[in-house]
Amino acid sequence: MTETSTPERNWAGNYTYRAEKLHRPQTLEELQEIVTKAPSVHALGSRHSFNDIADSSELISLETLTDVGSLPEAITVDRQANTVSFGGGVKYGELVETLNDEGLALHNMASLPHITVAGSISTATHGSGVRHGNLATAVAGLELVTSSGEVVRVSRGDPDFDGMVVGLGALGVITRVTLDVQPAYEVEQRVYEGLSWDAVEQNFEEIASIANSVSFFTHWGEIVEQVWVKRRTDEPDRVEGDLFGAVPATAEMHPTGVMDPTPCTPQLGRPGPWSDRIPHFRMGFTPSSGEEIQSEYLLPRRHAVEAFAAVRGLSSRIQPLLFVTEIRTVAADQLWMSMNYREDSVALHFTWKREQDAVERITAEIEEALAPFHMRPHWGKLFHMNAATIATLYERHGDFVRLQERLDPRGAFRNQWLQSHVLGNT
């Protein structure tokens, strides 16, 4: 077992960890010992959160876990069950290498392949597509170590499963994940430029549904500057020529419109493997803009057009701080603490310049503007809503709090952020 000082900052550099210790267990037994002794502890993934959801007095990284007990380092495919199983420290970019070798694929991916699977599912992180649930909906099974050191395993259909998948790091350390897989497929990606807001307001559902994955990029000015359309090649091509007035780009694009597109996945309609087209960014490059802050709000898709108008009303204050906003869709699910719980959703994702105080002020204004639309913030991004408000937005919130108390009776995983934004004074 190794113990080091904590990583000073998160991936984006806007948050400095307060933890005093970072543990790197090499075996399940070491992990259990750390968890049972720590008064306050949390798992640390790829540090791609923009708040202190993953902070605590002690942190645990699973990157050095070896082939011991129930934690085999290898990624294991079960073709009979159509699943893949792997350790809690695995990143999507690492997982897809094995899946590609096996001729298999996931139903969807997020914009970045650089993030850990366990951290992504725990926060209901998502890709895009009206038919696709968030990444947590692919989970078929989980294994985690609770604060008593017990190894708990749960599978789809078990009584606590829907409460444990999007667990926010509050239930234990995820040591193993099992995901659904399907045969590999190819995707072609095209970018369209210059979509009018009139076209969005009149045809949002049709545009968002026109391919496997659709993302809108805007600075909330006169137009939506880019629409990224990712089509499975085994599905019909429903775009001929322009896209409701938006024209096909003739060169590779970066979502911001001004940065170098080299880190982005191939475009211009060139077909390629699912894993090289569904994310916006390639694994081998620095993703997105680097030094930034992100916030994201999800709300019922039926309110999309009204929500766009509400945000556009703040455009003069948003634009000086904004790299870009991405608008995506996510299908409803049954996971208790998912932002998409029983709601087909639209997601408004803001990538901000790293100006913390100013960003906190404008995000407070955005939350107020979106509040009438039953808006739920992304758990891993910057937001302001407190636990009392959050409780009104999640039908199973009380069940989740009771589940957390049952699995973690001594409160080892209840960090300050969870108390303030999710659990309240339990």
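For the structure, see preceding data.
Residues numbered from 1 in each chain as written. Predicted model: local features only at pLDDT ≥ 70, side-chain atom pairs only at ≥ 80, totals over all residues. Heavy atoms only, no water.

Caption draft 1: Region of interest: the overall build of the protein. Within the protein, the secondary structure is distributed over 11 helices and 20 strands. Over its C-alpha atoms the protein spans a radius of gyration of 21 Å, differing by no more than 12% from the 22 Å that the globule rule assigns to 426 residues. In terms of overall dimensions, the protein has a C-alpha envelope of 60 × 45 × 40 Å along the principal axes. Carbon and sulfur atoms make up 47% of the accessible area of the protein, which amounts to about 16000 Å² in all. Seen as two clouds, the 36 positive and the 58 negative side-chain charges of the protein have centres 1 Å apart. (Helix = DSSP H or I, 4+ residues; strand = E, 2+ residues; numbered from the N terminus. Rg over C-alpha atoms; globule rule 2.2 N^0.38 Å. Areas by Shrake-Rupley, 256 points an atom, 1.4 Å probe, with all protein chains shown as cover. Lys, Arg positive; Asp, Glu negative; His and termini not counted. Charge placed at Lys NZ, Arg CZ, Asp CG, Glu CD.)

Caption draft 2: Structural detail: the pairing of strand β8 (residues 139–145). Along β8, seven of the seven residues are buried, which leaves the element largely enclosed by surrounding structure. Where β8 lies against strand β10 (residues 173–180), six bridges are found, and the strand directions are antiparallel. In the sheet register, E143 faces β10, and the bridge partner there is R176. Pairing geometry for β8 and strand β9 (residues 151–155), over five bridges, is antiparallel. Bridge pairing in β9 links E143 to R153. Counting the residues between successive antiparallel strands, the hairpin from β8 to β9 contains five residues, one of them, G149, with a positive phi of roughly 90°. (Buried < 20%, exposed > 50% of the residue type's maximum accessible area, 1.4 Å probe, protein only. Pairing = 2+ DSSP bridges.)

Caption draft 3: Spatial organisation of helix α10 (residues 397–407). Of all the residues in α10, the buried ones are H397, F400, V401, L403, Q404 and L407. Buried positions in α10, seen along its axis, are confined to an arc of 160° and lie on one side of it. Opposite its buried face, α10 presents the exposed residues R402 and R406, each directed more than 90 degrees away. Elements that come into contact with the buried residues of α10 comprise α4 (161–164), α9 (387–393) and α11 (416–423). (Arc of directions from axis to C-beta. Contact = heavy atoms within 4.5 Å.)

Caption draft 4: Inspection of the packing of aromatic side chains at higher detail. Per the counting criterion, the structure on display carries 15 aromatic pairs. On the numbers, 6.4 Å between centres and 80° between planes, the contact of W379 with W417 is edge-to-face. Here W379 is found in the loop between β20 (376–377) and α9, whereas its partner W417 is found in helix α11, with 38 residues between them in sequence. Comparing W379 with W417, the two get one shared label, buried. Both rings, one in F383 and one in W417, keep their centres 5.8 Å apart while their planes meet at 85°; by these two values the pair is edge-to-face. With a gap of 34 residues between them, F383 in the loop between β20 and α9 and W417 in helix α11 connect regions that are remote in the sequence. Among the residues examined, F383 registers a relative accessible area of 7% and is labelled buried. (Phe/Tyr/Trp six-rings, centres within 6.5 Å; stacked < 30°, edge-to-face > 60°.)

Caption draft 5: Looking closely at the side chain of T256. Examined against the element boundaries, T256 turns out to sit in the loop between β15 (247–248) and β16 (272–273). Among the residues examined, T256 registers a relative accessible area of 10% and is labelled buried. A distance of 3.0 Å separates a polar atom in the side chain of T256 from a polar atom in the side chain of H254. Apart from residues lying up to four places away in sequence, T256 is in contact with H219, Q226, F323 and V324. (Polar contact = N/O pair within 3.5 Å; in protein donor to acceptor, adjacent residues only side chain to side chain.)

Caption draft 6: Region of the structure containing the sheet that holds strand β5 (residues 76–78). One open sheet holds the five strands; their spatial order is β5-β6-β10-β8-β9, and the pairing between them is antiparallel. Edge positions in the sheet fall to β5 and β9, since each has one partner strand and no second. Going across the sheet, the axis of each strand differs from the next one's by a mean of 15°, ignoring polarity. The pairing of strand β6 (residues 83–87) with β10 spans five bridges and is antiparallel. Each bridged residue has a counterpart across the sheet, and for V84 the counterpart in β10 is L179. Against the sheet, helix α1 (residues 28–37) engages β8, β9 and β10, with an angle of about 65° to β8. (Axes fitted to C-alpha atoms, helices over the stretch in contact; angles between N-to-C directions.)

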